[in-house]
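Close look at the chain arrangement
Here are the chains, one letter per residue:
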Amino acid sequence: MCGIVGYIGEKSAKDILIDGLRRLEYRGYDSAGIIVLDDKPNLVKTEGKVDTLDEKIKDISMPGNIGIAHTRWATHGMPTDENAHPHFDCNKKIFIVHNGIIENYKHLKESLIKNGHIFSSETDTEVLAHLIEENYEGNLESAVENALSKVIGTYGIAAISADEPDKIVAAKFGSPLIIGLGDNESIIASDASAILRHTKQVVYPEEGEIVVVQKDGFITKGEISPKDRIAILEWELEQAEKSGFPHFMLKEIFEGPKVIKDSIRGRLIVDEGISKLGGLEDVADELSRIERLIIVGCGTAYYAGLVGEYLLEEYGGIPTEVEYASEFRYRKPLLDKETTALIAISQSGETADTLSAVKEVKMKGVLTLGIVNVVGSTIARETDAGVYNHAGPEIGVASTKALVSQLAILSLITLMFGRQRELSLVMGQRIAKEIYELPAKIEEILSQNDKIKEIAEKYKDYKDFLYLGRKYNYPIALEGALKLKEISYIHAEGYPAGEMKHGPIALIDENFPTFGICLKDSVYDKVYSNLCEIKARCGKIIVVASEGDSEIKNIADDVIYIPKTLEMLSPILTVVPLQLFAYHIAVMLGRNVDKPRNLAKSVTVE
Ligand code: F6R
C-alpha cells in the first residue's frame, strides 16, 4: 500500500527520500512523487515506479534539506501523474502526503470548491491540502489540527509549508507512521525499513496525535522531545536487505530456522513443560477466566489462526473459533466480555480489517491480544496485551517466515493455556522439547531446495492445482494454494482432503495436479485414500510425506520427505516445501516474486 517518507536535516533531502521510497517499494504502489523545498518548491510526480521518478528528477537541482515523498497505491482516481502525491493547496505552498482514506472527502471537496479552491486531482487526499490552506494562519500544526478535526477516515500524513521550512507536521490515525531521530536530522516513514539506514531511535505517534518534526527533535502535545517517547528499533539493516539471495522471499523462507529460535527465545521451559510469555503476564488474571477464544486475521495470518484452532482446542483445552477479520467485524458476534478473549494475528500490525475487529471488540470490553511482528505497529498498541514474533522485517509481499513464527507462537500460547488446564507435565515437556527441535528439522527441509526446484520445473506449465490436507495440515493446504496463486498467478485451490469428493474431484484429470500433505499421523489413512481417488482419475500427485514412508510412492508421482515431528507441530514443517515450490514456479515463469501484481504488503484500507 502507499508509503510515506519525509526528511529534515542537513543532507540532501532528495537522495534520502528516493532511497526511502525504494525501501518502501515492496509495500506495493503504482505512482510516486517528491517535493523538496529550496528557494522554491521542487515538486515532481509520476505514474509508475520510483525508477521513473528518479529518472525524471536526476537532472533537476534540488539542494534542499527538507522534503516529503510518497508511493501511491490508487484508491480514489487512476494511477496518473496528477493523482500521485504530494498534493498541494491553491498557492502551491502547502504540500501533503497521505496514507489511508478520507471517507467524507466528497462533502468536504464540495464546500471547498464553493469557497473557491481549485482542485487538480481526483484524490481524497487533495482535500486535506486545501483544508489545511483554509485553516492556515501562519502556523502549520494548528492548521493541520483544525483540518483533521473535520475529517472522517484514516490517515498517516506528513505536511510541509514553504513558509515554514523548518518543520514537517506529521499525524496518524489508523495508518502507520514512525519518526526516526538521527544526528541533526529526522526521518518520517510509514515503515521502519526506510528509517533503519539513518537511525534506530524512533517515536511511534499515538492514534490521533499530531507531531511537529524538526531536524533536532520533535514537539508533541507542547513538550519538546520527551525522552520517554523514544524507542529503539530492534531490526538490523541487513535484515531488510537481500544478503546474496536473489529474492527477499527466498531469503525469508531460508530464515525459518532462525525465526523459530528468535520467536521462542526465553519463552520455553522444557523441564516444566511450560511457556513464559512476558507480553501476556499483565493480563494473567483475565486469561485464567477465559473460556472462549476468537482468533482473527487475514490471508496467511488467518490460516495461522486455523492451525491455532486445532492446537488450542486439542492441547490448550479452550474452545476456539477463527474468523476472517473482514467478516467478523460485520457479523455482530455475541460476546461475553468476562470469558472471551480475541487474538488478532498480523505480521504488519497494520491490516485495516484486523485492526477494526480489535477496535470493535474492545468497545464491547473484550480482552484483546495480539500476535504481531512489527513492534510499535497499530495493532500491537491497540491490543491489551500480546506476543511479538521477533521474526525481523518481512519484505517479500508473500508472507513466509511470519507464518512460521506465528505458528511457533500459537504453540507457545497453547502450552500456556494447556498447562493451566488439563495438559499433563509429560505432554507439556514433550511439546516443549519438540519445539526446540524444529529449527534443525527446517534446515533438513531447506537442504532439499534443489530437489523441490526440479519438481517445480516439471509442474510449472500446469494451469490449475489442487492442494489437499487434513486436520492440522488442512490450513497448510490453503496456504500452499494461496502462495502459488499470489506469486505465480496460477489458479490453485486449497481444500480439506475429505471434502474433495463433495465437488472438486470433478475437476481432476491429467491436466489438474494435486499437491497433497500426507504425513504418518492420525489422518494418514484418510488422506492416503483421498489421494488414491485422485490417482484413479489420472491426476498427477505431489506429496509432502513423512521420511521413511515408502508406501506413499505407490500413488505419488513426486514425493518431498520431511522429518517427523508431533502432529500438532507438523504445519511448521509442511509449509516450507510448499513455499519453496510456489517460489520456484513463480521464478521460472518470470514473475515479480517479491512484488506480485496487484498486491500490497500491508493492506491498510478496507
Ligand atoms: C499472503 C499475505 C497476506 C497477508 C494478509 C495479512 O502471502 O501476505 O495474505 O497474510 O494480508 O497481513 P498481516 O499479517 O500483515 O495482517
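Structure report, in brief.

What counts and how
- Residues numbered from 1 in each chain as written.
- Predicted model: local features only at pLDDT ≥ 70, side-chain atom pairs only at ≥ 80, totals over all residues.
- Heavy atoms only, no water.
- Buried < 20%, exposed > 50% of the residue type's maximum accessible area, 1.4 Å probe, protein only.
- Helix = DSSP H or I, 4+ residues; strand = E, 2+ residues; numbered from the N terminus.
- Pairing = 2+ DSSP bridges.
- Axes fitted to C-alpha atoms, helices over the stretch in contact; angles between N-to-C directions.
- Contact = heavy atoms within 4.5 Å.
- Expected span 1.5 Å × (residues − 1).

**What to know about the pairing of strand β7 (residues 155-161)**
Most of β7 is tucked away: 7 of the 7 residues are buried. What you see with β7 is no split at all: Tyr155, Ile157, Ala159 and Ser161 on one side and Gly156, Ala158 and Ile160 on the other are buried throughout. Bridge analysis of β7 against strand β8 (residues 168-173) gives 5 bridges, and the strand direction is antiparallel. Note on β8: the bridge partner recorded for Tyr155 is Phe173. Counting the residues in the hairpin turn of β7 and β8 gives 6 residues.

**Examining unusual backbone geometry**
A cis amide bond, omega 0 degrees, links His85 with the succeeding residue Pro86. Along the chain, the position of Pro86 falls in the loop between β4 (66-72) and β5 (87-88). The backbone phi angle of Lys471 is positive, close to 55 degrees, even though this residue is not glycine. Its relative accessible area of 23% is what places Lys471 among the partly exposed residues.

**Here's the deal with the sheet that holds strand β15 (residues 230-232)**
Strand order in the open sheet formed by 8 strands is β3-β2-β4-β1-β10-β9-β11-β15, and the pairing between neighbours is antiparallel. Only two strands of the sheet have a single neighbouring strand rather than two, namely β3 (41-47) and β15. Taken over all neighbouring pairs, the strand axes of this sheet differ in orientation by 20 degrees on average, direction set aside. Running at roughly 140 degrees to β3, helix α2 (residues 50-57) makes contact with β2 (31-37), β3 and β4 of the sheet.

**Section: helix α11 (residues 352-363)**
An α-helix turns once per 3.6 residues; consequently, residues spaced three or four apart project the same way. Taking 1.5 Å per residue as the helical rise, α11 with its 12 residues ought to reach 16 Å, and the 16 Å between its terminal C-alpha atoms agrees with that figure. For α11, every residue scored as buried is listed here: Ala352, Asp353, Thr354, Leu355, Ser356, Ala357, Val358 and Val361. Elements in contact with the buried residues of α11: β18 (292-297), α10 (325-328), β20 (340-346), β21 (367-372) and α12 (378-382).

In short, the description is geometric, and any link to function would need to be established separately.
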